Structures are given as C-alpha cells and as structure tokens.
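Next come the chains, spelled out residue by residue.
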Amino acid sequence: MIIAIGKKTRTIYATGKYRNEVLRKLQQEYPYHKRENYDSYVNKVLPETLILRKVKDDEMRILQP
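Heads up: these notes are all about the structure in this document. (Residues numbered from 1 in each chain as written. Predicted model: local features only at pLDDT ≥ 70, side-chain atom pairs only at ≥ 80, totals over all residues. Heavy atoms only, no water.)

As a further point, take the sheet that holds strand S1 (residues 2–6). The sheet built from three strands is open, its strands ordered S2-S1-S5 with antiparallel pairing. Every interior strand has two partners, whereas the edge strands, strand S2 (12–16) and strand S5 (50–54), have only one. Strand-to-strand twist across the sheet, computed as the mean angle between neighbouring axes with direction ignored, equals 20°. Inspection of the sheet shows S1 paired to S2 by four bridges, in the antiparallel sense. In the strand pairing of S2, isoleucine 5 is matched with isoleucine 12. Helix H1 (residues 19–29) contacts S1, S2 and S5 of the sheet and is inclined by roughly 135° relative to S2. (Pairing = 2+ DSSP bridges. Helix = DSSP H or I, 4+ residues; strand = E, 2+ residues; numbered from the N terminus. Axes fitted to C-alpha atoms, helices over the stretch in contact; angles between N-to-C directions. Contact = heavy atoms within 4.5 Å.)

The structure is reproduced here in structure tokens:
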C-alpha cells in the first residue's frame with residue numbers, strides 16, 4: 001500500500017494500492033494545470049510538500065487515528 005503523507009503535518013492525503021492510483025486521487029482532489037507561460041498554476045495546488053511512502057497493512061492501523 002502507498003500513502004501520500006504531508007511532510008510537516010504528517011496528514012494522510014491519499015492512499016492506494018499503487019503509486020498511480022494515489023496520484024490520481026490527489027489530482028481529483030487538488031486539480032491544477034499550467035497556464036500558457038508555464039510559470040503560474042491555475043486552481044488549487046497541493047497544500048504542502050507530500051511524501052509518497054510504501055507501508056504494510058499492519059502499519060496503516062498505526063498511522064490512522
């Protein structure tokens with residue numbers, strides 16, 4: 001299992017069996033695309049730096065409140 005966890009707050013933003021599944025969930029929750037000049041983003045950007053981490057199922061029970 002892969003989780004997307006916040007670097008500062010340790011909040012779990014998305015979980016999934018595969019990395020691409022987690023990234024799709026993040027894209028649905030925080031959609032964005034680049035403008036024509038490629039320097040600025042439109043819509044929401046992720047709230048903080050995220051870490052994609054592989055965890056075992058028994059570790060998930062510890063991480064979730």
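Our focus in this paragraph is the pattern of salt bridges. Enumeration over the complete set of coordinates arrives at one salt bridge. Residue lysine 25 pairs with glutamate 21 through a salt bridge whose shortest N-O separation is 3.8 Å. Of this pair, lysine 25 and glutamate 21 both sit in helix H1, four residues apart, roughly one helical turn. With a relative accessible area of 28%, glutamate 21 lands in the partly exposed category. (Salt bridge = Lys/Arg side-chain N within 4 Å of Asp/Glu carboxyl O. Buried < 20%, exposed > 50% of the residue type's maximum accessible area, 1.4 Å probe, protein only.)

Once that is clear, we can look at the nonpolar core. Grouped together as the largest cluster of nonpolar side chains are seven residues: Ile2, Ala4, Tyr13, Ala14, Val22, Leu26 and Tyr30. Looking at this core, the elements with two or more residues in it are S1, S2 and H1. With residues near it in sequence (within four places) discarded, leucine 26 still touches Ala4, Tyr13, Ala14, Leu46 and Leu50. (Core = buried A, V, L, I, M, F, W, Y, C linked by side-chain atoms within 4.5 Å.)

With that settled, the discussion passes to the environment of valine 22. Secondary-structure assignment places valine 22 in helix H1. Through-space distance from the C-alpha of valine 22 to that of leucine 52 is 8.5 Å; in sequence the pair is 30 residues apart. Excluding residues that lie within four positions of it along the chain, valine 22 makes contacts with Ile2, Ala4, Ala14, Thr15, Gly16 and Leu52.

Structurally, lysine 56 is set in the loop between S5 and helix H2 (57–63). Spatially, the C-alpha atom of lysine 56 lies 6.2 Å from that of methionine 1, the residues being 55 residues apart in sequence.

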